[in-house]
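Descriptive analysis of the structure
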Amino acid sequence: MSGTDDEELTRIRAHIAQEKALGNPRFQTMLEKTLNRSVDLKPRGRPALSKGDGGN
């Protein structure tokens, strides 16, 4: 692909996989306020259990 480096392509794929908006921080802030939902990418998988959550 001309004009798109591997890092940018990785960012695009990550945002598509999580169905999150890709754009500058100002655009993302506007979307969060308008849609009342987070547009940040989250780490993959479930959050780790803390000691008080019934973990062994």
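Residues numbered from 1 in each chain as written. Predicted model: local features only at pLDDT ≥ 70, side-chain atom pairs only at ≥ 80, totals over all residues. Heavy atoms only, no water.

1. Let's talk about the side chain of H15
Quick reminder of the rule: Put simply, DSSP marks the helices as runs of H or I at least four residues long and the strands as runs of E at least two long, and each gets a number from the N terminus on. Contacts were defined at the residue level, with two residues in contact if any of their heavy atoms lie within 4.5 Å.
You can see H15 is positioned in helix α1 (residues 6-17). Other than its neighbours up to four places away in sequence, H15 contacts K20, A21, L22, Q28 and L41.

2. Some words on the pattern of salt bridges
Cut-off, in case you're wondering: Any carboxyl oxygen of Asp or Glu within 4 Å of a side-chain nitrogen of Lys or Arg constitutes a salt bridge here. Three labels apply to residues, based on accessible area from a 1.4 Å probe with only protein chains included: buried if under 20% of the type maximum, exposed if over 50%, partly exposed otherwise in between.
Tallied over the full model, the rule gives one salt bridge. Note that R11 is salt-bridged to E8, the shortest N-O span being 3.2 Å. With R11 and E8 both in helix α1 and three residues apart, this pair spans about one turn of that helix. With a relative accessible area of 31%, E8 lands in the partly exposed category.

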